Amino acid sequence: MAAADAPAAPPADPALLAIDGAIATITLNRPAAFNAIDLSIAKKLEELAAEVELSDEIRVLVLEGAGRAFCAGGDLQTIGAASAADTVAPVVGEMLKHYHAFITALRRMPKIVLASFHGSAAGAGLSLAFMADLCIAAEDARFTPAYGKLGVSPDGGGTFGVTAAAGPRRALQIFLAEESFSAAQALQWGLVAKLVPPAELKAATRQFAQRLAQNAPAAIAATKILIQRAPTSPVERQLDAERDAIIDCMHTDEARAAIDKFLKKAK
């Protein structure tokens, strides 16, 4: 059969899910487009996040990008075509409906979400890295806010994640005054937890995820929600929530076993 007559290869899934014990990995899988967010990947990410959220076995979700970059942000081909056709509201609105549902699931799910960052991220890709609960990055990675260059405001939860990690003044600086910044600067600003050599990122991410997965599910869920609520919760309400959460955790089999083991060691 002539090459021209060969059947076309089926399109690759725009995002992939792999599960290994207590650790799940979602891979953004549009490497030719630097994993830019279009409607197809937004819908797939929403679907995969729902699957992870429903699993009782998964304790840690790793986010990574295939190819040379983590995520280039919103797909400019899609956005440019919508702008030319004066269909920005329906096209971008539909895309963000699904992408923001994915982001909401990441914040809501009772699991630790760890972004494993390499290459570069721009716009919504930067937002995704910092909407994760924690971020590990290659030492040569770079972050590009990009929104200011396009004359638009941030999306994808960027104003939430960056402000929560670095504070409002730094968030304004990042989105309005920084063309790009390095992984070392992100570490200094509290946006990244660890930096590793690029060749070691995969293994270091796995090691970090395994360490996080050693925590009991109830402890992960309670700690995540307590920390998310802390900035806007009155101290009395936060203390009451801490009391209720730790008592609930102490009733779990994992806590009982851990306390018993500690007491036996102390004797």
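All figures in this text were calculated on a predicted structure; none of them were measured in a lab. Counting restarts for each chain, with residues numbered from 1 along the sequence as it is written. The model is predicted, so local features are restricted to residues of pLDDT at least 70 and side-chain atom pairs to those at 80 or more, both for listing and for counting; the totals for chains, interfaces and linings are taken over all residues. The basis for every side-chain value is the complete set of heavy atoms in the structure, and neither hydrogens nor water enter the calculation.

Caption draft 1: Structural context of the overall build of the protein chain. Helix and strand labels come from DSSP, where a helix needs a run of H or I of at least four residues and a strand needs a run of E of at least two; each type is numbered from the N terminus. On a plain count of helices and strands, the protein chain comes out with 12 helices and nine strands. Expected size for 267 residues packed as a compact globule is a radius of gyration near 18 Å; at 20 Å, the protein chain falls within 12% of this value. Across its three principal directions, the C-alpha atoms of the protein chain cover 75 × 55 × 35 Å. Think of it in three bands: with a 1.4 Å probe and only protein chains considered, a residue is buried below 20% of the maximum accessible area for its type, exposed above 50%, and partly exposed in between. Buried positions account for 40% of the 267 residues belonging to the protein chain. Counting only contacts in the protein chain whose residues sit at least 6 apart along the sequence, the fraction spanning at least 24 positions is 69%. The size measure is the radius of gyration over C-alpha atoms, and the globule rule it meets is 2.2 Å times the number of residues to the 0.38 power. Only heavy atoms enter the contact rule, under which two residues are in contact if any of them lie within 4.5 Å.

Caption draft 2: Inspection of the sheet that holds strand E4 (residues 112–117) at higher detail. Here, a strand pair is defined by DSSP locating no fewer than two bridges between the strands. Strands sit in the order E1-E2-E3-E4-E6-E9 across an open sheet of six strands; the sheet is mixed. Bordering the open sheet on either side are strand E1 (15–20) and strand E9 (194–196), each of which pairs with just one other strand. Taken pair by pair, the neighbouring strands of this sheet meet at an average axis angle of 20°, ignoring direction. Alignment of strand E2 (residues 23–28) against strand E3 (residues 60–65), held across six bridges, turns out to be parallel. Considered in E3, the bridge of Ala24 is made with Leu61. All axes are obtained by fitting lines to C-alpha atoms, using only the stretch in contact for helices, and the reported angles, taken between N-to-C directions, cover 0 to 180 degrees.

Caption draft 3: View of the pairing of E2. Of all the six residues making up E2, six are buried; the element is thus mostly covered by neighbouring parts of the structure. Here E1 pairs with E2 via six bridges, running antiparallel. If you follow Leu16 over to E2, its bridge partner there is Thr27. For the handedness criterion, the strands are oriented away from the viewer, and a crossover whose path from the first strand over the helix to the second runs clockwise is classed as right-handed. Note that the unit made of E2, helix H1 (residues 39–54) and E3 has a crossover that is right-handed.

Caption draft 4: Main features of the packing of aromatic side chains. Aromatic contacts are taken between Phe, Tyr and Trp rings whose centres are within 6.5 Å, Trp giving its six-membered ring; a plane angle under 30 degrees counts as stacked, one over 60 as edge-to-face, and the others as tilted. Under the defined criterion, the tally for this structure stands at seven aromatic pairs. When the ring of Tyr99 is compared with that of Phe102, the centres are 5.9 Å apart and the planes differ by 40°; the resulting orientation is tilted. A residue pair is termed a helical-turn pair when its members lie 3 or 4 positions apart in one helix, as Tyr99 and Phe102 do in helix H3 (residues 88–108) at three residues. Both residues of the pair, Tyr99 and Phe102, belong to the buried class. Seen from the ring of Phe208, Lys194 lies directly overhead, with NZ or CZ sitting 4.6 Å from the centre. The rule for a charge over a ring is simple: NZ of Lys or CZ of Arg within 6 Å of the ring centre, and within 35 degrees of the ring normal.

Caption draft 5: Molecular detail of the environment of Thr232. Along the polypeptide, Thr232 turns up in the loop between helix H10 (217–229) and helix H11 (235–250). When the C-alpha positions of Thr232 and Met131 are compared, they lie 18 Å apart, and in sequence the two are 101 residues distant.

Caption draft 6: Summary view of the side chain of His98. Mapped onto the elements, His98 comes out in helix H3. Residue class for His98 comes out buried when judged on its relative accessible area of 11%. What His98 contacts, discounting residues up to four positions off in sequence, is Leu39, Ala42, Lys43 and Glu46.

Caption draft 7: Fine view of the pattern of salt bridges. Salt bridges are counted wherever a side-chain nitrogen of Lys or Arg sits within 4 Å of a carboxyl oxygen of Asp or Glu. Applying the stated criterion to the full structure yields 12 salt bridges. Measuring nitrogen to oxygen at the nearest pair gives 3.3 Å for the salt bridge that ties Asp75 to Arg30. With Asp75 in the loop between E3 and helix H2 (76–84) and Arg30 in the loop between E2 and H1, the pair connects residues that are 45 residues apart, well separated along the chain. Glu64 is the partner of Lys202 in a salt bridge, and the nearest nitrogen-oxygen pair spans 3.0 Å. On the criterion of sequence distance, the pair formed by Lys202 in helix H9 (residues 201–213) and Glu64 in strand E3 is long-range, its members being 138 residues apart. Owing to a relative accessible area of 60%, Lys202 belongs among the exposed residues under this scheme.

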